[in-house]
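The primary structure of each chain is shown beneath.
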Amino acid sequence: MGSIELVKVRKDFGGFAVINGVDLKVEDGEFTVFVGPSGCGKSTLLRLIAGLEDISSGQVLIDGKDVSRVGPSQRGLSMVFQSYALYPHMSVRNNIAFALKMAKQPKDVIEQKVKKAAGILNLTDYLERKPRQLSGGQRQRVAIGRAIVREPKAFLFDEPLSNLDAALRVQMRLEIGDLHQSLKTTMIYVTHDQVEAMTMADKIVVLNKGEVAQIGSPLELYNRPQNLFVARFIGSPTMNIATGPSAAKRGATTIGIRPEHVDVSATAGEWPAKVRLAEHLGSDTYVHVEVDDIGPMTVRLGGEAPNQPGQRIFVTPQEPRIHRFDQQGLRVGG
Amino acid sequence: MATQQTTTAGRLLVAPSVILLFLWMIVPLVMTIYFSTLHFILTDPDSRSFIGLQNYIDFLSDPDFLGALRNTLVLVGSVLVISVVGGTLVALLMDQQIYGQSIVRLMVIAPFFVMPTVSALIWKNMLMNPVSGLFAWLAQSVGLTPIDWFTNAPMLSVILIVSWQWLPFASLIMLTALQSLDEEQKEAAALDGVGAIPFFFYIVLPHIARAMTVVILIETIFLLSVFAEIYVTTNGGPSTTNIPFLVYELAQHSYDVGGASAGGIVAVVLANIVAFFLVRVVGKNLEN
Ligand SMILES: Nc1ncnc2c1ncn2[C@@H]1O[C@H](COP(=O)(O)OP(=O)(O)OP(=O)(O)O)[C@@H](O)[C@H]1O
Ligand SMILES: [Mg+2]
């Protein structure tokens, strides 16, 4: 069991609200990702849940019980830190076993749990090593192993992959996904990388300046962003934004269209534009264009597109794919 | 130093300072060794003659020698224990978030800047004096008989004074070590449900062990040659004379330059033996 609920949670640092009234419910077994730009309060929110920071007002409930005044070790949560925070002078085995030793569990139980965790995480051959003798990915696994053996109600991850190189990041992403599949424990995962968020999450919480901008499944956020902030934040390359007559004619202050939902033609279309640069990724081509009277846009074309810098083309948004926003930046219509 | 030429040039350039430093060190040492083989009493300069190792034999078989050796070790050992344990505790306190932290830190470090002679005088006349001292006044105000510190517990008094001087040094180094403990590690421990005492022994202590060995090494070197505190307070005597003081007495009271030189060399050898073992222990500690 491990459902987590936040009710009007607020956190002030020196009179300044870093978390400003967050309401949120994480269901048991759900993989929830907190995502948002740097400094928006993701880590702070996670630390409030863990009990490493005291909340200024509001409530944190775990399995329906108010734990706002309960110490971190009593909340039954495990956290994996960005810097791993392994104990440097303990072997991998002792790092993993430490929490169990502190909880005075019997030796054979500890032994068995450590063995099991090491098995899951491919650490069996490294149990006698010290953390500094391990690679980044192995250290990360030890940190996860340390979290697993406590059999927590939920796992909290704070940007656990940001110290790894790109290839390892993809691999560890899959491993954490597998782990969630096999343990079926609630996980809350903080990242500022929206690709990580989209690929791993059951539910994404987009944070902006200490407030929830939107909560939803990855595809909900992609297909129906509730405001301009989410529209801009989710999706890569980012959504194209247009204001002025083309927005007004569609009954909105601002419209947005994703690069993959724009058609290109050499002869006719809604927006005349000039090609600035074509990025060839092999499978896709990102064509960066300068639209007359609107500004820069990105168009994503499948395969190899022949566009050359300086060329004049026409770009047209696919009508049903257009996102419309009002003056406050909130979504208009369906 | 990549090439042969730069290596040679580099050697040439550092040579003058290396040679100077070497002479600076070796000349007094050789002179002391030379004097230590002479029968050389200042009041009787005509009798100066080579006597081989006789001065060493005399020094080592001097009935005061073993006492001085014991006093040296007791002093070094006690001050080390007090300053390292006390310094760690003080550092733990100073590491807490308290109001006026920076002033507290400055005050804690202050004794280190007081000259040994001055601090010994302060302790002797203002604190430990059996008639007018602060301790005597405190004892009287609760109805106890004041202790005559330097008569009844001379070694303890010297240990207290020297510890007072070295406590700040130990505290400061320990504090620096404590502050370098990773914040996330503390939080990981909080989540692991580690209590304050296991936290200290399993996580803090291994973390500051290096700093501790450095403190021990540096303090030992200085504590082996404590002199002013003894000179000012008890002026020797069987229970506080350490080896440096014994050497001083030989030279100053008996005018025995040969004997004092031999004593000096014995002290150097002794310090080297201690340093040898310490460096090995410290080196082992620094490796991991
Ligand atoms: N202990 C603190 N005291 C004062 N301000 C703090 C403290 N911790 C965080 N803040 C402020 O709170 C805001 C949110 O910080 P937080 O670490 O939660 O951001 P984040 O979303 O995790 O960012 P990043 O992606 O860079 O890790 C920042 O503006 C930060 O300056
Ligand atoms: Mg953060």
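About the cut-offs
- Residues numbered from 1 in each chain as written.
- Chains lettered and ligands numbered in written order.
- Predicted model: local features only at pLDDT ≥ 70, side-chain atom pairs only at ≥ 80, totals over all residues.
- Heavy atoms only, no water.
- Domains from an automatic or database assignment.
- Contact = heavy atoms within 4.5 Å.
- Buried area = accessible area lost by both parts, 1.4 Å probe.
- Salt bridge = Lys/Arg side-chain N within 4 Å of Asp/Glu carboxyl O.
- Polar contact = N/O pair within 3.5 Å; in protein donor to acceptor, adjacent residues only side chain to side chain.
- Helix = DSSP H or I, 4+ residues; strand = E, 2+ residues; numbered from the N terminus.
- Nonpolar A, V, L, I, M, F, W, Y, C, P; charged D, E, K, R; others polar.
- Buried < 20%, exposed > 50% of the residue type's maximum accessible area, 1.4 Å probe, protein only.
- Lys, Arg positive; Asp, Glu negative; His and termini not counted.

Further remarks concern the domain arrangement of chain A. All names here are of chain A. Taken as a whole, chain A is organised into domain 1 (4–230) and domain 2 (238–325). Between domain 1 and domain 2, the contact holds seven residues from the first and nine residues from the second. Summed over both partners, the interface of domain 1 with domain 2 comes to about 570 Å²; 60% of that surface belongs to carbon and sulfur atoms. The largest contributions to the domain 1 side of the interface with domain 2 come from Tyr222, Pro225 and Leu228, which together make up 80% of the buried area. The interface formed by domain 1 and domain 2 holds zero salt bridges in total. Our count for the domain 1 to domain 2 interface comes out at two residue pairs in polar contact (both at pLDDT 80 or more). Looking at the side of domain 1 that touches domain 2, the element that brings in the most residues is helix α7 (residues 218–223), giving three residues. Residues belonging to the side of domain 1 that touches domain 2 are distributed by class as follows: four nonpolar, three polar and no charged.

What follows is about the interface of chain B and chain A. Contact with chain B, which involves 17 residues of that partner, is made by 23 residues of chain A. Summing the contributions of chain B and of chain A, the shared interface buries around 1700 Å²; its carbon and sulfur component is 62%. If you sort the residues of chain B by the area they bury against chain A, Glu184(B), Leu191(B) and Asp192(B) come out on top, with a joint share of 41%. Counting across the interface, chain B meets chain A through two salt bridges. For Asp192(B), the salt bridge is made with Arg150(A), and the minimal N-O distance between the two is 3.8 Å. Our count for the chain B to chain A interface comes out at six residue pairs in polar contact (both at pLDDT 80 or more). For the side of chain B that touches chain A, the secondary structure elements donating two or more residues are α9 (183–191) and α10 (196–223) of chain B. Broken down by element, the side of chain B that touches chain A gets its largest block of residues, seven residues, from α9(B). When the residues that make up the side of chain B that touches chain A are grouped by side-chain class, the tally is nine nonpolar, four polar and four charged.

The next point concerns the side chain of Glu184(B). Of note, Glu184(B) is situated in helix α9. In this structure, Glu184(B) is buried with no salt-bridge partner, the nearest side chain bearing the opposite charge being Arg47(A) at 6.1 Å. Setting aside anything within four residues of it in sequence, one finds Glu184(B) in contact with Phe81(A), Gln82(A), Ser83(A), Tyr84(A) and Ala85(A).

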